[in-house]
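The residues making up each chain are set out below.
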Amino acid sequence: HFARYLLIQKKFSDRNIDDDFKQTFCRFYILNGPAGLNATQKEKFFELLISRRNNLDLILKALYEIPGHRDRHSLFLSFGTKLLHTLNNFLPIYDKNIAAVLTLNSPQQRGTLEDRIRNRIEIYEELKFKSNILLARNDVLDYLRNIRKEIPKECHIISNVKLFDSVLWALYSVEFRKVDRGR
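Note that residues are indexed from 1 along each chain, following the sequence as it is written. The predicted origin of the model limits local features to residues at a pLDDT of at least 70 and limits the giving and counting of side-chain atom pairs to 80 or more, whereas totals for whole chains, interfaces and linings rest on all residues. Each side-chain value is derived from all of the structure's non-hydrogen atoms; neither hydrogens nor water enter the calculation.

(A) Inspection of unusual backbone geometry at higher detail. At arginine 52, a position not held by glycine, the phi torsion is positive, near 60°. Following the sequence through the fold, arginine 52 ends up in the loop between helix H3 (39-50) and helix H4 (56-64). A simple rule labels every residue: compare its accessible area, found with a 1.4 Å probe on the protein chains alone, to the largest value its type can have, and call it buried under 20%, exposed over 50%, or partly exposed in between. Classification of arginine 52 as partly exposed rests on a relative accessible area of 32%. Positive phi, close to 60°, is recorded for aspartate 71, a residue that is not glycine. The way it works is that DSSP assigns letters per residue, a run of H or I at least four long becomes a helix, a run of E at least two long becomes a strand, and they are numbered from the N terminus.

(B) Structural context of the packing of aromatic side chains. Any pair of Phe, Tyr and Trp rings, taking the six-membered ring for Trp, is counted once the centres come within 6.5 Å. Such a pair is stacked with planes under 30 degrees apart, edge-to-face with planes over 60 apart, and tilted for the rest. With the rule as written, the count across this model stands at 10 aromatic pairs. Here tyrosine 5 and phenylalanine 28 contribute two aromatic rings whose centre-to-centre distance is 6.0 Å and whose plane-to-plane angle is 45°, an arrangement assigned as tilted. You can see tyrosine 5 sitting in helix H1 (residues 2-13) and its partner phenylalanine 28 sitting in helix H2 (residues 19-28), a full 23 residues away along the chain. A relative accessible area of 2% places tyrosine 5 in the buried class. Between phenylalanine 25 and phenylalanine 46 the ring centres are 5.6 Å apart and the planes differ by 75°, which places this aromatic pair in the edge-to-face class. Of the two residues, phenylalanine 25 is situated in helix H2 and phenylalanine 46 in helix H3; the sequence distance between them amounts to 21 residues. On the basis of relative accessibility, which here comes to 0%, the residue phenylalanine 25 falls in the buried class.

(C) Local environment of the side chain of aspartate 165. With respect to the secondary-structure elements, aspartate 165 resides in helix H9 (residues 160-180). Only heavy atoms enter the contact rule, under which two residues are in contact if any of them lie within 4.5 Å. Not counting residues up to four positions away in its chain, the partners in contact with aspartate 165 are Ile93 and Ile98.

Read these as geometric descriptors, not functional statements.
Quick look at the structure:
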């Protein structure tokens, strides 16, 4: 898990956005999945990443303009935040697992495009707010310090934000799948 993440971070910081970077990024962040991006959307995504576009509103609109699977237009909050995190690894990443664990508001599916974009930005602000509060707690920081003792030394450069993201993913995998299976 962390080896691919570190490869992405290293290649990006070296401005080495080659095919290996793109393939690793797509696999790591699941850009290829059924709810992922098609080839044209991925091309736009990497164009935004290379040009270091760090405005979520702009990212959401740019990806929305390109029809995706089944010729649908979608707002990709998760992928937009993965782009932002790559630019600044102190920014959290949104996805449905993190949203479930942190009980974030749900994305609106109705309303104007501007209303739905504003909703996604509000959800991301809520994620940043909750993440900042939790990452300021001593018990959370102690937990992350203990995890760092268990992971390889080369992974110690990973930000607390990304390490916390990984912990929340693991928590979701354990706790929420129990609920899904009726336990």
